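# Residue-level structure breakdown
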Amino acid sequence: MQLLQGFQKFFKERHFNNPTFRFLIAVSGGVDSVVLCELCKQSAFEFAIAHCNFGLRGDESERDEAFVRSLKEKYGVEVFVKKFDTEQYAAEKKISIQVAARNLRYKWFEEIRKTNAFNFVLLAHHLNDSIETMLINFFRGTGLEGLTGISGYSSTHFLRPLLFARRDEIEAFARENKLGWVEDSSNASSKYTRNFYRNDIIPQIKKVYPQVEENLANNLERFQQINQLYQSMLSERRQKLVKYVGFEIHIPVTKLLAYGSIALIYELIKEYGFGEKQVQEVLKLCKADSGKYIANQHYQIIRHRKWLIIAPTVSRHLETLAIEEKDKSVLFAAGSLQFSQMSKEKCKMTTAAAIAQLDAKDIKFPLLLRRWKHGDYFYPLGMRKKKKLARFFIDQKLSKTEKENVWVLESTQRIIWVVGWRIDDRFKITNNTQEILQIELTKLPV
C-alpha cells in the first residue's frame with residue numbers, strides 16, 4: 001500500500017489525477033514497468049501500453065514482446081508494439097546502440113501520444129536509477145544539475161512517477177500482487193556503464209557503508225533543493241545581465257567580469273551549445289579586440305565593442321533573387337522590398353536609410369538581390385572613389401552579426417544599393433533625372 005500511496009501522491013500533487021486523463025505506459029516487460037501498469041490499474045487510471053522490440057537480444061527480444069502482448073488480456077488495454085532495426089539506425093546516425101534505442105523509443109512514444117490523444121507517457125525509472133545516474137554524472141564530470149539525478153519530467157509529456165521508490169520496494173510490490181515479468185539477461189553484464197555501477201561499484205561500496213543507498217538518496221534530495229536555489233539566483237543574474245535584441249543575446253563585458261564567476265559564464269552559454277571547455281575561450285574574448293568570435297554549428301559568441309553577442313550562425317550559402325521590372329514586391333530572408341516608379345515631380349524626397357531613390361534611366365532589369373561577399377565594392381553616396389564593403393562596414397561600426405545580414409542590389413553587375421544602408425553615388429538623383437525608381441525595405445519583425 002505504501003508504494004501505491006506514493007504513486008498516487010505524485011499525480012495528486014501535480015494535479016494530474018484528472019479522471020479524464022489518458023496515459024501511455026512504456027513497458028519493457030521488466031518488473032519496474034509491469035508494476036507501473038498494476039499501479040495504474042489500482043488507481044483506476046485509463047491507460048495503454050507501448051513496447052519497443054529493438055531486436056538486439058534474439059529470441060529473448062521476441063519473448064519480451066510476446067509477454068507484453070499478453071498484458072492486453074490481463075488489463076484489457078490496447079498494446080502498441082513496434083520492431084526497430086536499431087543497429088542499422090545507429091550505424092546510419094553514427095551513434096551508440098544505447099543512444100539509438102533511446103532516440104527511437106522516445107520519438108515513437110511521442111508519435112503514439114499525439115496520434116491517440118494521450119495526455120502523458122509514463123516511464124518506470126525509480127530511485128536506484130536516479131542514484132546510478134548521479135554517480136555516473138559525478139565520475140564522468142558534471143555541474144550541479146547532473147548531481148540531481150533523473151528528473152520527474154522528461155520534456156512536457158513524459159512523467160516518471162516512481163522516482164521516490166527503491167528497486168526492492170518495487171519488487172516486493174510485484175511479489176505481493178503476484179505479478180509476472182521477464183528478466184533482461186543483459187542486465188547481468190557489466191560491460192554497460194549503468195550495469196557496472198549497479199552490479200559492481202555500489203555493491204562494493206555497501207561493504208564499507210551498508211547504508212550507502214539511503215545516504216545517496218538523501219544527497220539527491222539535498223542537491224535538488226540546492227539546485228532550486230541556484231537556479232533562482234541564476235535567473236536573477238541573467239535578468240540583470242542579458243539584453244535580448246531580436247534573435248541576439250547581448251551581455252555587457254564589464255558587468256560579466258565583475259561577478260568573477262566561471263560558473264555564471266558557463267550557465268549563460270551552455271543553452272547555446274557551448275560547453276565548459278569554451279568558458280576559457282569566452283574569457284579570452286572578453287579581453288580581445290572587437291570582431292573576434294568563437295562559434296559552434298548553430299551559434300556564435302562575438303566580441304563587439306563593450307558587448308558579448310550570442311547570435312545564430314548565418315549560413316554561408318549565397319542566396320540570390322532575380323527581380324524583373326514587373327515585380328512590385330519581393331520577399332527575402334531579411335524582409336521585403338517594394339518597388340515603385342514615378343516622375344520626379346511626384347516623388348517625395350527622403351533620406352531614410354530604408355528607402356532608396358534612384359535615377360530610373362540608369363537602372364537595367366533584371367536586378368539581382370543577394371548577400372554581400374568579400375571583394376564587393378561600390379561608390380557610397382557623396383563619394384567619387386569606390387570603397388570596399390568590408391571597409392564601409394568598419395566605418396559604420398557594424399557588428400559581425402549585422403555584417404552577415406547585409407544584402408546588396410545589383411544592376412548589370414554594379415551595386416546600386418547596399419540594402420538598408422547606402423545607395424551608390426552613380427545612381428543618385430540629379431537635376432537631369434526625370435523618372436525615379438523607389439525601393440522601400442520592410443524588415444522582418446524579430
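The structure contained in this document is the topic of the report that follows. (Residues numbered from 1 in each chain as written. Predicted model: local features only at pLDDT ≥ 70, side-chain atom pairs only at ≥ 80, totals over all residues. Heavy atoms only, no water.)

A few words on the overall build of the chain. Along the backbone of the chain there are 14 helices and 22 strands. The C-alpha atoms of the chain give 31 Å as radius of gyration, which overshoots the globular expectation for 446 residues (22 Å, by more than 25%). In terms of overall dimensions, the chain has a C-alpha envelope of 100 × 50 × 40 Å along the principal axes. Burial statistics for the chain: of 446 residues in total, 43% are counted as buried. Sequence-distant contacts in the chain: of pairs separated by 6 or more residues, those separated by 24 or more amount to 65%. (Helix = DSSP H or I, 4+ residues; strand = E, 2+ residues; numbered from the N terminus. Rg over C-alpha atoms; globule rule 2.2 N^0.38 Å. Buried < 20%, exposed > 50% of the residue type's maximum accessible area, 1.4 Å probe, protein only. Contact = heavy atoms within 4.5 Å.)

This next bit is on helix H7 (residues 167-176). Every buried residue of H7 is accounted for by Ile170, Phe173 and Ala174. Around the axis of H7, the buried residues are gathered within 100° of arc, so they sit on the same side. Away from the buried face of H7 by more than 90 degrees, exposed residues Arg175 and Glu176 are located. Considering only its buried residues, H7 is in contact with helix H1 (2-13) and helix H2 (31-42). A positive backbone phi angle near 55° is found at lysine 178, which sits one or two residues after H7. (Arc of directions from axis to C-beta.)

Next up on the list: the sheet that holds strand S22 (residues 435-443). Spatially, the 4 strands line up as an open sheet ordered S13-S14-S22-S15, and their pairing is antiparallel. The open sheet terminates on both sides in strands that have one partner only, identified here as strand S13 (329-332) and strand S15 (355-359). Shown here is a sheet whose adjacent strand axes are inclined to one another by a mean of 20°, direction ignored. Judged from the 5 bridges that link them, S15 and S22 form a sheet pairing that is antiparallel. Within S22, the position partnered with aspartate 359 by the bridge is isoleucine 436. (Pairing = 2+ DSSP bridges. Axes fitted to C-alpha atoms, helices over the stretch in contact; angles between N-to-C directions.)

If you walk through the whole model with that rule in mind, you get 24 aromatic pairs. The structure contains a cluster of three or more aromatic residues connected by ring pairs, namely Phe7, Phe10, Phe11, Phe16, Phe21, Phe23, Phe45 and Phe120. Looking at lysine 74, its charged tip hangs above the ring of tyrosine 75, at a distance of 5.3 Å from the centre. A cation over an aromatic ring shows up here: lysine 386 above the ring of tyrosine 377, its NZ or CZ 4.4 Å from the ring centre. (Phe/Tyr/Trp six-rings, centres within 6.5 Å; stacked < 30°, edge-to-face > 60°. Lys NZ or Arg CZ within 6 Å of the ring centre and 35° of its normal.)

This next bit is on the environment of glutamate 110. Here glutamate 110 is to be found in helix H5 (residues 97-116). Sequence spacing of glutamate 110 and phenylalanine 120 is 10 residues, and the spatial spacing of their C-alpha atoms is 9.1 Å. For glutamate 110, the contacting residues outside a window of four places in its chain are His157 and Phe158.

Another point: unusual backbone geometry. For the peptide bond that leads from phenylalanine 365 to proline 366, omega is 0°, which places it in the cis range. Among the structural elements, proline 366 can be located in the loop between S15 and strand S16 (367-371). One non-glycine residue, arginine 305, adopts positive backbone phi at about 55°. Within the secondary structure layout, arginine 305 lies in the loop between strand S10 (299-304) and strand S11 (307-312). Even without being glycine, glutamine 413 reaches a positive phi, approximately 65°. Counting through the fold element by element, glutamine 413 comes out in the loop between strand S19 (407-411) and strand S20 (414-418). On the basis of relative accessible area, glutamine 413 is assigned to the exposed category, the value being 76%.

On their own, these measurements won't tell you what the molecule is for.
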